[in-house]
Every structure is written in structure tokens, then in C-alpha cells.
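# Tertiary structure, described
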Amino acid sequence: MNSEAGLDTSDSGGGQAKKQFPNLTLVLAACAACIGGTFQYGYNISVINAPTKPVQSFINETWIHRYGTHIQEGILTLLWSVIVSVFTLGGFIGASVGGMLAIRFGRKGALLLNSVFALLASLLMGLSYPTGVFELLIVGRFLIGLNAGIGICVQPLYLGEIAPKSLRGAMAMGTSIFITGGILTGQVVGLKELLGGDDYWPILLSTSCIPAILQFLILPWFPESPRYLLIDKGDDIQCSKALKQLHGSESYHYEREDMEQERVAMLGVKPKKTMGALHGSKPALAAPYHHATELRTAAQWHQRYLFLCKLCVHSSWYPSGEDPLHHNRDWSL
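Throughout what follows, the structure given in this document is the object of discussion. Just so we're clear, the structure is a prediction, and the values are computed from it rather than from any experiment.

Further remarks concern the environment of Pro-226. Structurally, Pro-226 is set in helix H11 (residues 226-232). Taking the relative accessible area as the measure of exposure, Pro-226 reaches 0% and is therefore buried. When the C-alpha positions of Pro-226 and Lys-241 are compared, they lie 8.6 Å apart, and in sequence the two are 15 residues distant. When neighbours within four sequence positions are excluded, Pro-226 is seen to be in contact with Glu-161, Ile-162, Cys-239, Ala-242, Leu-243, Leu-246 and Met-259.

Now for the packing of aromatic side chains. For the coordinates displayed, the defined rule picks out 5 aromatic pairs. An angle of 55° between the planes, with centres 5.6 Å apart, marks the rings of Phe-58 and Tyr-129 as tilted. Taken as a pair, Phe-58 in helix H4 (residues 52-67) and Tyr-129 in helix H6 (residues 107-131) lie far apart in primary sequence, 71 residues in all. On the basis of relative accessibility, which here comes to 4%, the residue Phe-58 falls in the buried class.

In this model, helix H8 (residues 168-189) (22 residues) spans 32 Å end to end at C-alpha, consistent with the 32 Å of a helix rising 1.5 Å per residue. Looking at H8, one finds that the buried residues are Met-171, Gly-174, Thr-175, Phe-178, Ile-179, Gly-182, Gly-186, Gln-187 and Val-189.

Turning to the nonpolar core, a few remarks are in order. In terms of nonpolar packing, the biggest core is built from 32 residues, with Tyr-158, Leu-159, Ile-162 and Met-171 touching the most fellow members. Secondary structure elements with two or more residues in this core: helix H2 (24-35), helix H3 (38-46), helix H5 (73-105), H6, helix H7 (135-162) and H8. Those residues in contact with Met-171 that lie beyond four places of it in its chain are Leu-26, Ala-30, Leu-159, Ile-162 and Ala-163. Residues Ile-71, Leu-76, Leu-137 and Leu-205 belong to the second largest nonpolar core, which totals 28 residues.

This part takes up the environment of Gly-149. With respect to the element layout, Gly-149 can be found in helix H7. Judged by relative accessible area, which is 0%, Gly-149 ranks as buried. Considering only alpha carbons, one finds Gly-149 and Asn-114, 35 residues apart in sequence, at a separation of 9.5 Å.

Let's shift gears to H7. For H7, spanning 28 residues, the distance from its first C-alpha to its last is 40 Å, which sits close to the expected 40 Å at 1.5 Å a residue. Along H7, the sharpest kink reaches roughly 25°, centred on Gly-151. The element H7 is extensively covered by neighbouring structure, given that 22 of its 28 residues are classed as buried.

On the surface, Ile-210, Ile-213, Leu-214, Leu-217 and Ile-218 cluster together to form a nonpolar patch covering roughly 420 Å² of accessible area. Examined against the element boundaries, Leu-214 turns out to sit in helix H10 (residues 209-218). The exposure class of Leu-214 is partly exposed, given its relative accessible area of 36%.

Okay, the packing of H2 against helix H12 (residues 236-247) next. Interaxial distance between H2 and H12 falls to 6 Å at its minimum, and their mutual angle equals 100°. Relative to H12, H2 is oriented roughly perpendicular. The segment H2 lies against H12, with Thr-25, Leu-26 and Ala-29 engaging Gln-245, Leu-246 and His-247. Looking at side-chain class alone, the contact of H2 with H12 contains 3 nonpolar, 3 polar and no charged residues.

Moving on, we come to the environment of Thr-69. Locating Thr-69 in the fold gives a position in the loop between H4 and H5. Judged by its relative accessible area of 41%, Thr-69 is partly exposed. Among residues more than four places away in sequence, those in contact with Thr-69 are Trp-63 and Ile-64.

A separate point is the packing of H6 against H7. Relative to each other, H6 and H7 sit at 160°, their axes nearing to 8 Å. One element, H6, and the other, H7, form an angle in the roughly antiparallel class. Both H6 and H7 take part in a crossing whose hand is left-handed. Of the residues that constitute the contact of H6 with H7, the class distribution is 19 nonpolar, 8 polar and 4 charged.

Calculation notes
Residues numbered from 1 in each chain as written. Predicted model: local features only at pLDDT ≥ 70, side-chain atom pairs only at ≥ 80, totals over all residues. Heavy atoms only, no water. Helix = DSSP H or I, 4+ residues; strand = E, 2+ residues; numbered from the N terminus. Buried < 20%, exposed > 50% of the residue type's maximum accessible area, 1.4 Å probe, protein only. Contact = heavy atoms within 4.5 Å. Phe/Tyr/Trp six-rings, centres within 6.5 Å; stacked < 30°, edge-to-face > 60°. Expected span 1.5 Å × (residues − 1). Core = buried A, V, L, I, M, F, W, Y, C linked by side-chain atoms within 4.5 Å. Bend = angle between axes of the 7 residues up to and from the residue. Patch = residues over 30% accessible without salt bridge, like charges linked within 9 Å, V, L, I, M, F, W, Y side chains within 5 Å. Areas by Shrake-Rupley, 256 points an atom, 1.4 Å probe, with all protein chains shown as cover. Salt bridge = Lys/Arg side-chain N within 4 Å of Asp/Glu carboxyl O. Axes fitted to C-alpha atoms, helices over the stretch in contact; angles between N-to-C directions. Parallel < 35°, antiparallel > 145°, perpendicular 65-115°, else oblique. Nonpolar A, V, L, I, M, F, W, Y, C, P; charged D, E, K, R; others polar. Left-handed = near helix turned anticlockwise from the far one by under 90°.

Nothing here speaks to function; it is geometry throughout.
Okay, here's the thing in C-alpha cells:
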């Protein structure tokens, strides 16, 4: 018995040792999820800072056209602050419903559905100037905040469930890396020499559709979360296909064994929202798997509140939409 266990451990360890680098399919699937997830969050945090003066000028011109008088400075500041900060409200709602969407539509399905909000937001913000309706900017910023909230909730869940045990920590770093990359990209694209000029701000605010389109084109080629397929949907065949595609046909069975143990322990447990998992009653199952489920649930809530804290901090940096990179540039109304 002990010798067999030792052999199993050595084989498993040897199989994992051979897996020094992630499969190319796994890396591409992670990138496809991140480009329409946390990248959008970082990008839309920073991109709104560049067109401060042009958008304020547009609001003033629209006000004159409607009411025949210049807008008061206090009202203008209020409207611009609402445009910037409504992103936070959308993020709060998105982070709250992200877990429910991940259960209802799957991890990959929720990410693809989330891209619809980004496309709709880009359309509304791009149409605000031609139609002369600055309220579309408020609605668009709310929708892109909703997209960011759902993305930063569902994307790490997808990454954690497609990654092998030995690479989960490294895969989790993709969330922070793509947030930083989104912030950097938004700052660069928002330079006056690119799309930060007076005439290009509608295009600048509409560029959020590019990551969403890329995700629509790339992510469907990759499988759903194997854990979701096996435990939540009970689809053994699709789970095996997904594991083979993500980890290769030689080493996928190590991950399958872990998920099989978890599935056996969770038989009879219906997937539910995180709040229900925290406060709902649970049948008497194996204690180690209860503990693992509670740890995962607590981690998801910690991740959501961390996102909300980061969102509020980032939004409070520049309540008027100005940042040091663009503040001293020569903007003219």
C-alpha cells in the first residue's frame, strides 16, 4: 500500500515536473480572457483622463444649443465628475453579479456576454458627439464600468480553473499584468499626438470596442473551464476534451483526478451564488472539501472587495478627469 502510494506520488510529481512550461493553448486562452477582462478595466480607468477639456467644451456647446446660454462652471464640473465616476457604480454592480453570470452562462460564456456591454458602451460614447447628446457619455461609462466589474470577477475564476496546479500562481498574475497594460495603453493612446486631440476624443472613447472584438474573435476557439464542465454541468466528455486541449493528452489526467475527487465530494450540492454559498445550509460532506469550498468562496469575495477598493481609489485620483501626464498639455476650448 505504502509502496503503491509512493509510486503514485512519484509518478504524479514526475508528470508535473515535466510540465515546466504551460501549453501554448493555455497561454493563448489566458490572453484571450484577459484582453477583454482586466485589460478593459485598466484601459478605461486611464483613457478618460485625456479628453477632459474637449468633452467639457462639447458639453458647453450642447448646453448653449439647448438653452441658449453658457453652462455654469459648477454644473459643468458636476456633469464631468458624473461621467468619470459613474464607472465606479457600474463596476460595483458588475462585481456583484459576476459570480451569478459565471454559474448561469459558464466562465467563458460570461466573458463573451460581458463583451456585449463593452461594445454597447463604445457605440454610445462614440455617438454622443454626432448626436449632440452628452448624456450618452454617462450611460456609456456606466456600461463600461459594468463590463470592468464582471470581467475582473469572472476572468480570474476562469484562469484559476483552466490552469494546472503548478501554474495557478503564475496564471493569476495575468490579472495584474493586463490591468497595468491597460492603464499604460490608455495613457499612450490618449496623448494629443495620437487620439487625445480635440477632434478625436469620440474615437478615443470608442476604442474600448477593440479588446471586446478581439475577445469575440479569439476566445470562442478555446474551451470552457474544465471544472465548470465536470462539476457544474456534469459533462465528462467535454471536460476531458477541454483538459486535453489545455494541458495536452499526456498530462491532463492529473488535473482530472483532482476534479473527480472534488466532484464526488460535492455530489448533491447545487451551484449557487457566492452569497448563498456563504450563508446557505450545506449537507454533511467531507470536511476537507467543505473547507476548500469555503476558502474559494472567501477568496472570491476578497477579490471583489479588493476590486471595489482599487476602483474607488483610482477614480478618486482625478475626480475632474485630469492626470499629471495630460494636465500641463496645451488644451484649448
